[in-house]
Amino acid sequence: MTDFMCSRRLSTIFSSALFLASSPLKKSVYLLSALLIIACQPSPPTSEPVTAENSETVNTPLLIRVDSITMTPDHILSVKPTRYQPSLGLEGEIEPIKKVNLTAGQALIVEKVLVKKNQWVEKGAPLFIVRRQTTEIQQPADAVAATNSAETVEINKKADIKPEQSAVNNQNSADNTVINSDKQTKQAVKNDAEIDAKMTAANSKKPTTDNSTSSGSNDDNNTQENTQSEKSYNLITVRANFSGRIEKLYIKNEQKVEPHQPLLKLSDETELHFIATLPIDAESQISVGQTVNFTAEGLIDEFTGQVSKLTTTQQPKQLLVAVNVVDNEVSRNQIRPDMKVTGRVDYGQIQVGTTVPKRALHNVDLTVLHKPPYKPLRPLIANVWIIKQDQRLTRQPVEVIEYDPLTKQYLIAGITNDSLICLANLPVESEGKKAVVS
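Keep in mind that this is a model prediction, so the values were computed, not measured.

(A) Spatial organisation of the overall build of the chain. A tally of regular secondary structure across the chain gives six helices and 27 strands. For the chain, the residues scored as buried account for 34% of the 438 residues in total. Of all intrachain contacts in the chain linking residues separated by at least 6 positions in sequence, the fraction that spans at least 24 positions is 72%. Accessible surface, the chain: about 26,600 Å² in total, of which carbon and sulfur atoms supply 52%.

(B) Representation of the nonpolar core within the structure. If you look at the biggest cluster of nonpolar residues, it comprises 22 residues, and the most contacted ones within it are Leu 90, Ile 94, Phe 274, Leu 278 and Ile 335. Of all the secondary-structure elements, those providing two or more residues to this core are strand 5 (87-93), strand 17 (272-279), strand 18 (291-296), strand 19 (302-313), strand 20 (318-325) and strand 21 (340-346). Formed by 21 residues, the second largest nonpolar core is a distinct cluster that contains Ala 104, Val 110, Val 130 and Ile 251.

(C) Structural view of the pattern of salt bridges. Applying the stated criterion across every chain yields a total of six salt bridges. As a salt-bridge pair, Arg 131 and Glu 111 come within 2.6 Å of each other at their nearest N and O atoms. Taken as a pair, Arg 131 in strand 10 (residues 126-132) and Glu 111 in strand 8 (residues 108-113) lie far apart in primary sequence, 20 residues in all.

(D) Examining unusual backbone geometry more closely. Residues Gln 315 and Pro 316 are joined by a peptide bond in cis, for which omega reads -5°. Position of Pro 316 among the secondary structure elements: in the loop between strand 19 and strand 20. Geometrically, the link from Pro 372 to Pro 373 is a cis peptide bond, its omega value of 5° lying close to zero. One non-glycine residue with positive phi stands out, namely Asn 118, at about 70°. As for its position among the elements, Asn 118 is in the loop between strand 8 and strand 9 (120-121).

(E) Examining the environment of Ile 94 more closely. You can see Ile 94 is positioned in the loop between strand 5 and strand 6 (95-96). Owing to a relative accessible area of 0%, Ile 94 belongs among the buried residues under this scheme. Taking C-alpha positions, Ile 94 is 8.7 Å from Val 325, a pair spaced 231 residues apart along the chain. Setting aside chain neighbours within four positions, we find Ile 94 in contact with Leu 272, His 273, Phe 274, Val 325, Ile 335, Arg 336, Pro 337, Asp 338, Met 339 and Val 341.

(F) The arrangement of the sheet that holds strand 26 (residues 420-422) in detail. Strand order in the open sheet made by the seven strands is 3-26-23-24-25-22-4, with antiparallel pairing throughout. Each of the sheet's edge strands pairs with one partner strand only, and the pair in question is strand 3 (76-78) and strand 4 (81-84). The sheet shows a mean angle of 50° between the axes of neighbouring strands, taken without regard to direction.

(G) Layout of the sheet that holds strand 17. Reading across the sheet, the seven strands line up as 5-21-18-19-20-17-6 and stay open at both edges, with antiparallel pairing between neighbours. Taken across any chain shown, the strands that pair with only one partner, and hence form the sheet edges, are strand 5 and strand 6. As paired elements, strand 6 and strand 17 share two bridges and run antiparallel to each other. Across the sheet, residue Glu 95 finds its bridge partner in strand 17, namely His 273.

(H) Examining the confidence of the model for the chain more closely. Residue-level pLDDT values for the chain average 75, and 63% of them are 70 or greater. A low-confidence stretch, residues 1-57 (pLDDT under 50), is modelled with 25 contacts involving residues beyond four sequence positions or located in other chains. Within the model, pLDDT remains below 50 along residues 136-215, and this stretch shows 103 contacts once partners closer than five positions in the same chain are excluded.

(I) Broad picture of the pairing of strand 19. Bridge analysis of strand 18 against strand 19 gives five bridges, and the strand direction is antiparallel. Counterpart to Val 292 in the pairing with strand 19 is Gly 305. Here strand 18 folds back onto strand 19, and the loop between the two strands holds five residues, one of which, Gly 298, carries a positive phi near 90°. In the sheet, strand 19 pairs with strand 20 via eight bridges, with the strands oriented antiparallel. In the sheet register, Val 307 faces strand 20, and the bridge partner there is Val 323. The hairpin turn running from strand 19 into strand 20, its antiparallel successor, is four residues long.

(J) Inspection of the packing of aromatic side chains at higher detail. Overall, the coordinates contain four aromatic pairs when judged by the stated rule. Ring geometry for Phe 274 versus Phe 294: centroids 5.5 Å apart, planes at 65°, classification edge-to-face. Linking Phe 274 in strand 17 with Phe 294 in strand 18, this pair joins segments that are 20 residues apart in sequence. Neither residue differs from the other here; Phe 274 and Phe 294 are each classed as buried. Residues Tyr 374 and Tyr 403 carry aromatic rings whose centres are separated by 6.3 Å and whose planes lie at 55° to one another, so their mutual orientation is tilted. Note that Tyr 374 is positioned in the loop between strand 22 (351-356) and strand 23 (380-387) and Tyr 403 in strand 24 (residues 393-404), a separation of 29 residues in sequence. Accessibility expressed as a relative area gives 24% for Tyr 374, which makes it partly exposed. Aromatic rings pair up to connect Phe 274, Phe 294 and Phe 303 into one cluster.

Calculation criteria
Residues numbered from 1 in each chain as written. Predicted model: local features only at pLDDT ≥ 70, side-chain atom pairs only at ≥ 80, totals over all residues. Heavy atoms only, no water. Helix = DSSP H or I, 4+ residues; strand = E, 2+ residues; numbered from the N terminus. Buried < 20%, exposed > 50% of the residue type's maximum accessible area, 1.4 Å probe, protein only. Contact = heavy atoms within 4.5 Å. Areas by Shrake-Rupley, 256 points an atom, 1.4 Å probe, with all protein chains shown as cover. Core = buried A, V, L, I, M, F, W, Y, C linked by side-chain atoms within 4.5 Å. Salt bridge = Lys/Arg side-chain N within 4 Å of Asp/Glu carboxyl O. Pairing = 2+ DSSP bridges. Axes fitted to C-alpha atoms, helices over the stretch in contact; angles between N-to-C directions. pLDDT = per-residue confidence, 0-100. Phe/Tyr/Trp six-rings, centres within 6.5 Å; stacked < 30°, edge-to-face > 60°.

So this is what it looks like as structure tokens:
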């Protein structure tokens, strides 16, 4: 076409050249050369290449009839198989695996606090000593024994986690404090027995010249010993059941503590994990031991984790996935508690999908895919118009797997190779109509 236009221009120029040759002008030869150069210059390129995305043909109105829809070939896209690895998105917040929040199960008095905030303590180290607030009402011996048995130590151990994550707490979180009141109770009883035995032996050796004096002295001794025994029995020493850091300290010496009041929070920051929530349908796609690659908010590096525990909840029915952070130099220097993290875990065999432009996808918000890792955390469902082998239109639900920022194409799954994709935004009433291409 360009050669033909150039030829026509050349013919016109040649006619003008013959006229100029008969003229006596001296510079006619130079003018002729300039006209020849201009005539053979190619036409300027268009400002935008013509593609299926911006061509006028695509924007041409469709001819919609009662039983058919007429469209152009640019409205049709063939399925091009693309292989991909299925994966699940995981999202959570970094927290210590071992942690415990101590709260009072009854009214207490803090005798002495033995640690400070942010102090590192070893397993078995004493944390604080408390004393029960006793009443003045006398009870029979059997009733007192029964009460003491029921109230040996009621220091509740509650992990500081979200309600939906309570099912996947490490067992250590439920057993992270050793309180030796039982031991002290037995020792106090033993001491009482020894004291009584010694006093009986001593009394048998003393002369009984003054029975009233001897009786009064024995009563005083018994009262003092009973008071000491009672005080010793009421003291409770709380010890750390694992090594960790005193993250929070709520008490001080000689403080009165009411029931359910927090006392201390202990956590081990050397072992970290996060807990993600997935639909219950994902239970068959994930297992303990799988590798999880994740990123942390505000950090560039990618980190590695491992699925350590799976727990199902009933209301709502969900799957809780605990992921332990792999301890290495990269994670040790950067990962800290309370960081928000996002990761993915691969599952199953390689699958086959197809790539489509944005205008092929309907009834979906794709903005969540326009930032790294360009994959949705949850299954993202969209609708696509396809043409079956009988040339009938069907609105097919598909799963959007990934977005490619370079090609601006979307990888989808759920369309078979024997179908064609219609890129037109058709009304819902187009279901079942015949596609006519012209």
